[in-house]
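Structural characterization, general
In case you want the letters, here they are:
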Amino acid sequence: MKQNNGQLHDKEIISRILLGEKSLYELIVRRSNPYLYKIGRSYRYDHETTQDLMQDTYVDAFRNLHQFKQQADIKTWLIRIMLNNCYKKKQRSSYKNELAQDNINENVLPMFNNADSDTYRQVYNRELGKVIEQAVERIPEKYRLVFSLREINGLNVSETAKVLDISEINVKVRLNRAKAILRKELEKSYAPMELYEFNLVYCDAMVNRVMKEIEGE
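Position numbers for residues count from 1 along each chain, tracking the sequence in the order it is written. Confidence filtering applies because this is a predicted model: local features only for residues at pLDDT of at least 70, side-chain atom pairs given and counted only at 80 or more, and all residues used for totals across whole chains, interfaces and linings. Hydrogens and water are ignored here; the side-chain numbers use all heavy atoms of the structure.

**A closer look at the packing of helix H7 (residues 157-164) against helix H8 (residues 168-183)**
As a reminder, the rule being used: Axis definition: a line fit to C-alpha positions, over the contact stretch in the case of helices; interaxial angles, taken between N-to-C directions, run 0 to 180 degrees. A helix here means a DSSP run of H or I that spans at least four residues, while a strand means a run of E at least two residues long, and both kinds are numbered starting from the N terminus. What sets the label is the angle itself: under 35 degrees gives roughly parallel, over 145 gives roughly antiparallel, 65 to 115 gives roughly perpendicular, and the rest give oblique. Throughout, a residue-residue contact means that at least one pair of heavy atoms, one from each residue, lies within 4.5 Å. Polarity classes work like this: nonpolar for Ala, Val, Leu, Ile, Met, Phe, Trp, Tyr, Cys and Pro, charged for Asp, Glu, Lys and Arg, and polar for all others, with Gly in that last group.
Between H7 and H8, the shortest axis-to-axis distance is 8 Å and the interhelical angle comes to 100°. By the angle between their directions, the pair H7 and H8 is classed as roughly perpendicular. Facing H7, whose interface residues are Val157, Ser158, Thr160 and Ala161, H8 presents Glu168, Val171 and Lys172. Per-class residue counts for the contact of H7 with H8 are three nonpolar, two polar and two charged.

**Describing the packing of aromatic side chains**
Heads up, the condition is: What counts as a ring pair is set by centres within 6.5 Å for rings of Phe, Tyr and Trp (its six-membered ring), and what kind of pair is set by the plane angle: stacked under 30 degrees, edge-to-face over 60, tilted for all other angles. Accessible area is worked out with a 1.4 Å probe on protein chains only. A residue is then buried under 20% of its type maximum, exposed over 50%, and partly exposed in between.
On inspection of all chains with the given rule, the structure shows four aromatic pairs. Between Tyr25 and Phe62 the ring centres are 5.1 Å apart and the planes differ by 65°, which places this aromatic pair in the edge-to-face class. In this pair, Tyr25 sits in helix H2 (residues 25-42) while Phe62 sits in helix H3 (residues 47-63), placing the two residues 37 residues apart along the sequence. Residue classification places Phe62 among the buried positions, given a relative accessible area of 14%. When the ring of Tyr43 is compared with that of Tyr87, the centres are 6.1 Å apart and the planes differ by 55°; the resulting orientation is tilted. Here the residue Tyr43 occupies a position in the loop between H2 and H3, and Tyr87 occupies one in helix H4 (residues 74-90), the gap between them amounting to 44 residues. The pair formed by Tyr43 and Tyr87 is uniform in burial state, with each residue classed as buried. Aromatic rings pair up to connect Tyr43, Tyr45 and Tyr87 into one cluster.

Scope: geometric values only; no functional claims are made or implied.
As structure tokens, this is what we get:
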């Protein structure tokens with residue numbers, strides 16, 4: 001039975017793209033849009049600027065796809081390119097390691113727990129979404145990015161350390177500080193996808209932009 005394109009694994013998609021099936025890149029874009037959008041918004045870029053950075057990231061990734069090592073995770077690779085583009089736009093250097101002065105709780109539970117399906121009743125509540133977005137934006141940038149990668153995008157400590165080029169201990173320190181800032185404002189658990197949702201309308205538009213850009217590649 002022929003495999004549906006939507007069920008293809010990332011590695012197979014990439015291999016086939018490299019063999020000339022350029023149209024399959026659309027699947028990578030669709031699967032990655034939510035992650036990259038949240039990175040841009042967590043970096044305090046507005047919607048339009050975030051979309052521009054996403055497009056640049058996808059085009060950069062496509063042009064360098066032959067350099068992608070298949071043993072790595074395409075999601076992590078794309079997030080790192082997105083972060084690098086954000087850094088360049090801000091004209092800031094990469095984050096430096098910082099001394100861990102805080103007590104670290106290794107067994108702390110995720111702040112946003114989606115186990116309770118009842119939280120999804122809030123998905124279309126714009127006011128709630130606005131409150132959460134504003135609360136997250138009040139976190140200092142270096143803590144906010146770690147919070148976004150770990151709590152919103154679901155990367156583990158090792159993946160987060162790699163994409164931010166900091167140590168794993170720094171990841172834990174920054175996440176704890178981010179949670180401390182948020183805890184008084186956000187005491188309930190909300191679904192991670194409530195934050196900076198990149199809906200289907202924008203997803204389709206991003207796919208069209210990227211695929212048009214790489215047509216001549």
